[in-house]
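# Structural overview
Given next are the chains, with one letter for each unit.
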Amino acid sequence: MLYFTIKALHQLSDFLLIGGMLINAFVISMVPPPIRVGVIVALRKYDRTVTTAALAGAWIFGLWLAFGYIGFSDGWLHAKLLLVVILSALHGMQQAAMRKMAADPKLEPNAFVRIGMPTILICLVLIVALAVIKPF
Ligand code: HEM
């Protein structure tokens, strides 16, 4: 019972994390600068509460599953962790970009943050395939 509860909390965190990061990516790279400021001020509150908590939940429940049940010997988990580290770094850079953009709306984010949307979508497909299919 505990295993499935932790797994459910893990996946709930994953859904909220990916949802929050996709909103960040949309606002950062697709919303025109003139209207971006008001949106970013509101979005930063949501990001600091929901998306950041979801990132923590994905790590805490994911590592709990690994330490408590699955172990770290499988290749799929190693590849998955690399992708999750990339997502975690991107989230931190999204937060930094939004902080700067709230101060200067005309500011353009760096290239890695600008390609956030495809990066998140590609990581998501690979992570779910690795976690569910466990190909290696
Ligand atoms: C943050 C670090 C993470 C760690 C350490 C981690 C680790 C794990 C582990 C050990 C499992 C259990 C596998 C099993 O019971 O068979 C699991 C399941 C899963 N993880 Fe993660 N995970 C992390 C992040 C993520 C993220 C960010 C996503 C999605 C975006 C994700 C998606 C999934 C899915 C879909 C499953 C269920 C697989 C199944 O039903 O067999 N994980 N994760």
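See the structure above.
A brief report on the enclosed structure follows. Sequence positions are assigned chain by chain, starting from 1 and proceeding in written order. Since the coordinates come from a predicted model, pLDDT governs what is reported: local features require at least 70, and pairs of side-chain atoms require 80 or more to be given and counted, while whole-chain, interface and lining totals use all residues. Think of the side-chain values as coming from all heavy atoms in the structure, minus any hydrogens and water.

## Side note on the overall build of the protein chain
In DSSP terms, a helix is any run of H or I states spanning at least four residues, a strand is any run of E spanning at least two, and both are numbered starting from the N terminus. The helix and strand tally for the protein chain stands at five helices and zero strands. Sequence-ordered secondary structure for the protein chain, helices as α and strands as β, is α-α-α-α-α. Taking the principal axes of the C-alpha coordinates as reference, the protein chain spans close to 50 × 25 × 15 Å. Exposure classes here rest on a 1.4 Å probe applied to the protein chains alone. A residue is buried below 20% of its type maximum, exposed above 50%, and partly exposed in between. Among the 136 residues that make up the protein chain, the fraction classed as buried is 36%. Whether two residues are in contact is decided by their heavy atoms, any of which lying within 4.5 Å being enough. When contacts within the protein chain are restricted to residue pairs at least 6 apart in sequence, long-range pairs at least 24 apart make up 77% of them. With the model as given, the accessible surface of the protein chain reaches about 7500 Å², and the carbon-plus-sulfur share is 77%. Charged-residue counts in this description rest on Lys and Arg as positive and Asp and Glu as negative, His and the chain ends being excluded. Charge coordinates come from a single atom per side chain, which is NZ of Lys, CZ of Arg, CG of Asp or CD of Glu. In the protein chain, the 11 positive side-chain charges and the 5 negative ones have mean positions that sit 4 Å from each other. Areas reported here follow the Shrake-Rupley algorithm with a probe of radius 1.4 Å; residue values treat only the protein chains shown as occluding.

## With respect to the environment of glycine 19
Tracing the backbone shows glycine 19 in helix H1 (residues 2–30). Under the relative-accessibility criterion, glycine 19 is labelled partly exposed at 32%. Counting along the chain gives 64 residues from glycine 19 to leucine 83, while the straight-line C-alpha distance between them is 16 Å.

## Description of the side chain of histidine 10
By the element assignment, histidine 10 lies in helix H1. Counting of polar contacts relies on pairs of N or O atoms within 3.5 Å, with two restrictions inside protein: one atom must be capable of donating a hydrogen and the other of accepting it, and residues adjacent in sequence are counted only when both atoms are side-chain atoms. Only 3.2 Å separates the side chain of histidine 10 from the backbone oxygen of alanine 58, close enough to count as a polar contact. Those residues in contact with histidine 10, other than ones at most four positions away along the chain, are Ala58, Phe61, Gly62, Leu65 and Lys80.

## Concerning the coordination of the iron atom of the ligand
Distances up to 2.8 Å from the metal define which N, O and S atoms are donors, and 3.2 Å serves for Na, K and Ca; water is absent from the atom set, so sites may look incomplete. Taken together, the protein ligands of the iron atom of the ligand are His10 (NE2) and Lys80 (NZ), with distances of 1.8 to 2.0 Å. Between 85 and 135 degrees for all angles marks four donors as tetrahedral; over 155 degrees for opposite donors together with 65 to 115 for all other angles marks four donors as square planar and six as octahedral; every other arrangement is irregular. Coordination at the iron atom of the ligand is octahedral, judged from the six donor atoms that bind it and the angles of 81 to 177 degrees they form at the metal. Remark: lysine 80 occurs in helix H3 (residues 75–103) and histidine 10 occurs in helix H1; sequence separation between them is 70 residues. You'll find histidine 10 and lysine 80 in the same group, each marked buried.

## Here we look at a nonpolar patch on the surface
Taken together, the side chains of Leu2, Ile60, Trp64, Tyr69 and Ile70 present a nonpolar region at the surface, about 480 Å² in accessible area. The element best represented in the nonpolar patch is helix H2 (residues 33–70), accounting for four residues. Judged by its relative accessible area of 33%, isoleucine 70 is partly exposed. A patch consists of residues exposed above 30% relative accessible area that lack any salt bridge, with like charges linked at up to 9 Å and nonpolar side chains (Val, Leu, Ile, Met, Phe, Trp, Tyr) linked at up to 5 Å. For this analysis, a salt bridge means a side-chain nitrogen from Lys or Arg found within 4 Å of a carboxyl oxygen belonging to Asp or Glu.

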